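# Coordinates in review
Here's the letter readout for the chains.
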Amino acid sequence: MSAVPGRRACEGRRPRPGMRPRPDAGAAHALRRRWRRRAQAMREKADAIKAARMRIFVRRGGPNWQTGLALMRTLGAETGVEIEVYGPDTSMTGICARAIAYIRELDRSASAA
């Protein structure tokens, strides 16, 4: 049990008044914090990512995977960065094949130019 989001309650530590214990809230808090950092970095570097013609492939599974994919789609639309999102029903092998095909397509277009 965690009394403070993002931290495990230490033995002997008492929660602050008004705080409710949450089971394993530390993991959820860490995921939200990590998401905010990645989203901020992508917003800051969106122009460089687009200039490099990068495409981001995201596969998400586990709890709240649909929410995570929706956030990635929104971020892609907001920044103009190409982001392809896939759920747990898509295999990693298939996603890697799509990524390799995209790289080959870029190589062909670069050599044709």
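A brief look at the structure comes next.

Conventions adopted
- Residues numbered from 1 in each chain as written.
- Predicted model: local features only at pLDDT ≥ 70, side-chain atom pairs only at ≥ 80, totals over all residues.
- Heavy atoms only, no water.
- Helix = DSSP H or I, 4+ residues; strand = E, 2+ residues; numbered from the N terminus.
- Expected span 1.5 Å × (residues − 1).
- Buried < 20%, exposed > 50% of the residue type's maximum accessible area, 1.4 Å probe, protein only.
- Arc of directions from axis to C-beta.
- Core = buried A, V, L, I, M, F, W, Y, C linked by side-chain atoms within 4.5 Å.
- Contact = heavy atoms within 4.5 Å.

## Some remarks on helix H3 (residues 65–79)
- Helix length check: H3, at 15 residues, gives a terminal C-alpha distance of 21 Å against a target of 21 Å (1.5 Å per residue), a fit within 8%.
- Buried within H3 are the following residues: Gly68, Leu69, Met72, Leu75, Gly76 and Thr79. The buried residues of H3 occupy one face: seen down the axis, they fall within an arc of 120°. Facing away from the buried side of H3 by over 90 degrees, the exposed positions are Gln66 and Ala77.
- Positive backbone phi, at 85°, marks glycine 80, one or two positions downstream of H3.

## Some remarks on the environment of glycine 62
- Examined against the element boundaries, glycine 62 turns out to sit in the loop between strand E1 (55–59) and H3.
- For the pair glycine 62 and proline 88, spaced 26 residues apart in the sequence, the C-alpha separation amounts to 7.9 Å.

## Examining the nonpolar core
- Listed in full, the 12 residues of the largest apolar core are Ala39, Met42, Ala46, Ile49, Ile56, Val58, Leu69, Met72, Leu75, Val81, Ile83 and Val85.
- Put simply, the parts of the chain that give this core at least two residues each are helix H1 (25–44), helix H2 (46–51), E1, H3 and strand E2 (82–86).
- Broken down by element, the residue count for this core peaks at three residues, all from H3.
- Setting aside its immediate chain neighbours within four residues, isoleucine 49 contacts Met42, Met54 and Val81.

## Structural notes on unusual backbone geometry
- The backbone phi angle of arginine 53 is positive, close to 55°, even though this residue is not glycine.
- Mapped onto the elements of the fold, arginine 53 is located in the loop between H2 and E1.
- The phi torsion at asparagine 64 lies on the positive side, around 60°, for a residue other than glycine.

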